[in-house]
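Letter by letter, the chains look like this.
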Amino acid sequence: MENLNLTIDGNRLWNRLMAFGKIGEGDNGGVTRTSFDQKDIEARKFFLKLLEQADLSPYMDAAGNIFGQIIGKNPELPAILIGSHLDTVNSGGRFDGAMGVLMGVEVLCTLKEKGIQPERTIKVVSLTDEEGARFDYAFVGSTALVGTEGSKLKGNLAAATDKDGISYLEAMKKASLEGEYFNQINPDLLEQAQLGKNDVKAYIEVHIEQGKVLENKDLAVGIVTGISGGEWAEVTIMGEAGHAGTTWMKERKDALTAAAECILAIEKIAQDNSGSVATVGKLEVKPGSSNVIPGRVDFTLDVRDISNERREKTVTKIYHSIRTIAANRGLGCEIRQVQSLSSVMSSPIVMKAVKDSLQELQYPIYELPSGAAHDAMVLGELTDIGMIFVRSKSGISHHPDEWSSFEDVALGCEVLFRTTLKLL
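Residues numbered from 1 in each chain as written. Predicted model: local features only at pLDDT ≥ 70, side-chain atom pairs only at ≥ 80, totals over all residues. Heavy atoms only, no water.

Student: Which parts of the structure should I look at to understand unusual backbone geometry?
Tutor: Note: most residues except glycine have negative phi, and most peptide bonds are trans. The peptide bond linking Lys 286 to Pro 287 adopts the cis configuration, its omega dihedral lying at 5°. Its place among the elements puts Pro 287 in the loop between β10 (283-286) and β11 (292-293). Phi angles above zero are rare outside glycine, and Gln 210 is one such case at about 65°. Checked against the element boundaries, Gln 210 lands in the loop between β5 (200-208) and α7 (213-216). We note that Asp 218 has phi near 55°; this positive angle belongs to a residue other than glycine. (Helix = DSSP H or I, 4+ residues; strand = E, 2+ residues; numbered from the N terminus.)

In structure tokens, the structure reads:
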């Protein structure tokens, strides 16, 4: 890759990426910026200042999405949107999300420096809360842009709370008090953030792969063919708490052993339904005492698949199994769907632009699906979408050791720049 003729400024991009990685950095090197917490607010202000310095006319919408832009010669034409997110999981990495946002800034800065005023407007966007780490509710910014949830989104945000009992709506209203751009945040007027299908020609997102496919192929970048859809739910198993020493085994209504049976069933169903993946990542046992039989267990469920039909079958089987296991044990259960998002295939138009860019650079073309969810999956309801993956060392993501090399990041941004030009 040493001979590649890069148009973008790789050093500038890298320095900005490393600077953002310091915001929310912990002792172990992990980065924590969850939606509307103190470090997220700090990152937002840092990003807004960057957009101001780059003369990219920043603004924020009612959902807290942050935009920078170059106004086109014909602003009535549908815009090109480049973006990702600045929030992280707890103790995550510095590349996930932020890399894609800062690449968008680099593309716009390069256009300005070359004196290119495009026919259509080009925007970079940092989308609110892709990860869902604080409130267990994700894709807030992209969902608001699409607008399909309408009043349901506000209701979900009112119901979503963090570990301290603060609701999403309360956190947004508090953030709006930061002043200036933050004044635009208004959970009561989320519909104002909605974009129409004629407002956006295409959305492009660059992201680390979060897997080992590109590394195993010795490739720096790849073209995403589609993004797996997901079903997220919360499950409660209701039994009966009792003394661990005086309650005979046959008399017990142990919610935890029932949950354990459910979790094993979930694993088997997903294994048998080849193509689906299912995860129980969070478990809460009550009353949570070593000498008390668990009377209630709450756990999360995450099911994903590139095939919507196959995912729905997997989910149906899992829900039936959970209810059957609880009933057979004489226990109660409740399943609450938190979010459900359809899989989306990348637009042939965007994919062709990426392929043509790679051919210009005389770099191999490699296509792969995304098992991880991204904002592009949501925005596929609004416009043509496309994604570029950048190699992630050892496939590590959502972890302090997350890493992509300078060379790979620079190449990914160069492909994004050329792709953007082809979509104008």
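Student: Help me understand the packing of helix α3 (residues 98-113) against helix α12 (residues 406-423), please; the structure alone is not making it clear to me.
Tutor: Between two packed helices, both the angle of their axes relative to each other and the distance between the axes serve to describe the pair. Closest axis-to-axis distance for the α3/α12 pair is 10 Å, and the angle between their directions is 55°. One way to sum up the angle between α3 and α12 is to call them oblique. Here α3 and α12 pass one another in a crossing that is right-handed. Contact residues: α3 offers Met 99, Met 103, Gly 104, Glu 106, Val 107, Thr 110 and Leu 111, while α12 offers Val 409, Gly 412, Cys 413, Leu 416, Phe 417, Thr 420 and Leu 421. Taken together, the residues of the contact of α3 with α12 break down into nine nonpolar, four polar and one charged. (Axes fitted to C-alpha atoms, helices over the stretch in contact; angles between N-to-C directions. Parallel < 35°, antiparallel > 145°, perpendicular 65-115°, else oblique. Left-handed = near helix turned anticlockwise from the far one by under 90°. Contact = heavy atoms within 4.5 Å. Nonpolar A, V, L, I, M, F, W, Y, C, P; charged D, E, K, R; others polar.)

Student: Got a minute to help me understand the packing of aromatic side chains in this structure?
Tutor: The way to describe two aromatic rings as a pair is by their centre distance and the angle between their planes. In total, this model carries ten aromatic pairs according to the counting rule given. Ring geometry for Tyr 59 versus Phe 67: centroids 4.8 Å apart, planes at 10°, classification stacked. Residue classification places Tyr 59 among the partly exposed residues on the basis of a relative accessible area of 26%. Each member of the aromatic cluster is reached from another via a ring pair, and the members are Trp 14, Phe 95, Trp 403 and Phe 406. Stacked on the ring of Phe 182, the Lys or Arg Lys 45 has its end atom at 6.0 Å from the ring centre. Directly above the aromatic system of Phe 67 lies the positively charged group of Lys 123, at a separation of 5.7 Å from the ring centroid. (Phe/Tyr/Trp six-rings, centres within 6.5 Å; stacked < 30°, edge-to-face > 60°. Buried < 20%, exposed > 50% of the residue type's maximum accessible area, 1.4 Å probe, protein only. Lys NZ or Arg CZ within 6 Å of the ring centre and 35° of its normal.)

Student: Sorry if this is basic, but what is going on with the pattern of salt bridges here?
Tutor: A pair can form between side chains of opposite charge whenever their charged atoms are brought close. Enumeration according to the criterion identifies 30 salt bridges in this entry. When the shortest N-O distance is used, the salt bridge between Lys 313 and Glu 309 registers 3.7 Å. Taken together, the residues span about one helical turn, with Lys 313 and Glu 309 both in helix α9 (residues 308-328) at a distance of four residues. By relative accessible area, which is 53% here, Glu 309 ends up exposed. Note that Glu 334 and Arg 336 form a salt bridge whose closest N and O atoms lie 3.6 Å from each other. A single network of salt bridges, built from pairs that share partners, joins Arg 12, Arg 16, Glu 106 and Glu 113. (Salt bridge = Lys/Arg side-chain N within 4 Å of Asp/Glu carboxyl O.)

Student: Help me understand helix α10 (residues 348-360) in this model?
Tutor: Because an α-helix completes one turn every 3.6 residues, residues spaced three or four positions apart along the sequence face the same direction. With 13 residues, α10 extends 18 Å between its outermost C-alpha atoms, agreeing within 8% with the 18 Å of an ideal straight helix rising 1.5 Å per residue. Within α10, the full set of buried residues consists of Val 350, Met 351, Ala 353, Val 354, Ser 357 and Leu 358. Projected down its long axis, α10 carries its buried residues within an arc of 160°, all on one side. Among the exposed residues of α10, those oriented more than 90 degrees off its buried face are Pro 348, Ile 349 and Gln 359. For α10, the secondary structure elements touched by its buried residues are β5, β6 (221-227), β15 (367-370), β16 (384-390) and α12. The N-cap residue of α10 is Ser 347: its side-chain oxygen and the backbone nitrogen of Ile 349 are 3.1 Å apart. (Expected span 1.5 Å × (residues − 1). Arc of directions from axis to C-beta. Polar contact = N/O pair within 3.5 Å; in protein donor to acceptor, adjacent residues only side chain to side chain.)

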